[in-house]
Amino acid sequence: MHYHIVLLPGDGIGPEVTAAGAQALEKAAQMHGFALHTETALIGGCAYDAAGHPLPPETLALCRTADAVLLGAVGGPQYDTLPAHLRPEAGALLPLRKELGLFANLRPARLFPALAAVSALRPEITAQGLDLLVVRELTGGIYFGQPKARSANGESATDTCTYSRTEIERILHTGFQAAQKRAKRLCSVDKANVLETSRLWRETAVKLAPQYPGVELSHMLVDNCAMQLVRDPRQFDVIVTENMFGDILSDEASMLTGSLGMLPSASLGSHSAAAAGGVFGLYEPVHGSAPDIAGKNAANPLAAILSAAMLLRHSLAQPAAADCVEKAVAQALHDGLRTADIAEAGTKALGTREMTEAVLQRMQAA
Ligand code: IPM
Ligand code: MG
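Residues numbered from 1 in each chain as written. Chains lettered and ligands numbered in written order. Predicted model: local features only at pLDDT ≥ 70, side-chain atom pairs only at ≥ 80, totals over all residues. Heavy atoms only, no water.

## Things to note about the pairing of strand β4 (residues 104-111)
Point 1. Among the eight residues that make up β4, six are buried, leaving the element largely enclosed by the rest of the structure.
Point 2. As paired elements, β4 and strand β5 (residues 130-137) share eight bridges and run antiparallel to each other. In the strand pairing of β5, arginine 107 is matched with valine 134.
Point 3. Pairing geometry for β4 and strand β11 (residues 266-268), over three bridges, is antiparallel. (Buried < 20%, exposed > 50% of the residue type's maximum accessible area, 1.4 Å probe, protein only. Helix = DSSP H or I, 4+ residues; strand = E, 2+ residues; numbered from the N terminus. Pairing = 2+ DSSP bridges.)

Next up, the structure:
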């Protein structure tokens, strides 16, 4: 087997963590008998600097030819004052997701037992572990709805939240199918007491439920969900929700696992992808570009390495290789290895490269 992977390192710590993810992919390929052809392209602020646009057409075209894309992070303070269409986020990351049709964003939040002490939660809440999946709709809602504009006199602004039934159905299918493969509990999160889009969302969820008799569907308002995530996160198996709620809840969920530096994600364009494997996807750590620590060998590479594992599982349909990467990460943590963001006070922290090397060694040993 021979796969074509595009790397989009981006800005800030993006290049450092993407290198780590790429090394894990390469190691997995050697060990599991497949070959990778990797190409690297520009995205984000560095693309704006080099080519005048954060998402150069060549980058998008290259992604379309790939089996999978591994992205680092985009953005930085020097780009924050550019007009929206030239900013790394609104001008590159969001159009990349939209253009590639990647509506299903999977964000698993799993607490590795070795990290219980750095979770933001009390030990009695984390004692039995934590493993939930946020399924976030990624190409609709208030991120993309039109009109989106500042008024002529600059004194008011509008964002529009729109969802079609079709958009809601396909992400709910992803949620139901992910739940089928896990603990069979799906919590659909909305704001149906206030928002019309949420009422359509909830109605659609209720209509689809009979197609998944093995899955227990519940509904929760987003404010309550934010509270329940810190009160009793173990009540959740799969959360399915719209774009902005998913953005916020997935950052919250990450802190339950110890650090935003631990959370991987997969963005897929097919609702059966979560189950089937072998479909195109974009993989990125949930964390941002962290400009304050960029280039200092201080970033946690584990979210990028775990994103590489998701790439192996969902796009390359290489589950044994994915397991190997995930087990090596768990082993490195079990062995007490920590980057600064997950180190307890007074303990030694490894750099990005040293942590990556430790994971690669444990892949070999597995
Ligand atoms: C994320 C990020 C992005 C988002 C930003 C950088 C546009 O926060 O992937 O969660 O809001 O989707
Ligand atoms: Mg976010």
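Additional details are given in the paragraphs that follow.
## Describing the nonpolar core
Point 1. Ile5, Phe34, Leu302, Leu312 and Leu333 are the most contacted members of the largest nonpolar core, which totals 87 residues.
Point 2. Looking at this core, you find at least three residues from each of domain 1 (1-112 + 259-366) and domain 2 (120-256).
Point 3. When sequence neighbours within four positions are dropped, the list of residues in contact with leucine 312 reads Leu25, Ala28, Phe34, Ala317, Gln318, Ala321, Ala322 and Val325.
Point 4. Counting residues in hydrophobic clusters, the runner-up holds 18 residues, among them Val6, Cys63, Leu96 and Leu102. (Core = buried A, V, L, I, M, F, W, Y, C linked by side-chain atoms within 4.5 Å. Domains from an automatic or database assignment. Contact = heavy atoms within 4.5 Å.)

## Quick look at the side chain of glutamate 137
Point 1. Counting through the fold element by element, glutamate 137 comes out in strand β5.
Point 2. For the buried glutamate 137, no salt bridge is present, and the opposite-charge side chain at shortest range is arginine 170, 4.5 Å distant.
Point 3. Among the polar contacts made by the side chain of glutamate 137, one reaches the main-chain amide nitrogen of glycine 140 at a distance of 2.8 Å.
Point 4. Apart from residues lying up to four places away in sequence, glutamate 137 is in contact with Phe103, Tyr163, Arg170, Ile171, Trp201, Thr241, Glu242 and Asn243. (Lys, Arg positive; Asp, Glu negative; His and termini not counted. Salt bridge = Lys/Arg side-chain N within 4 Å of Asp/Glu carboxyl O. Polar contact = N/O pair within 3.5 Å; in protein donor to acceptor, adjacent residues only side chain to side chain.)

## A look at unusual backbone geometry
Point 1. Proline 147 follows glutamine 146 through a cis peptide bond whose omega is 0°.
Point 2. For proline 147, the position within the fold is in strand β6 (residues 145-150).
Point 3. Even without being a glycine, asparagine 297 presents a positive backbone phi close to 55°.
Point 4. Along the chain, the position of asparagine 297 falls in the loop between β12 (281-283) and α11 (302-314).
Point 5. The phi dihedral of alanine 317 is positive, around 50°, even though this residue is not glycine.
Point 6. Note on placement: alanine 317 falls in the loop between α11 and α12 (319-334).

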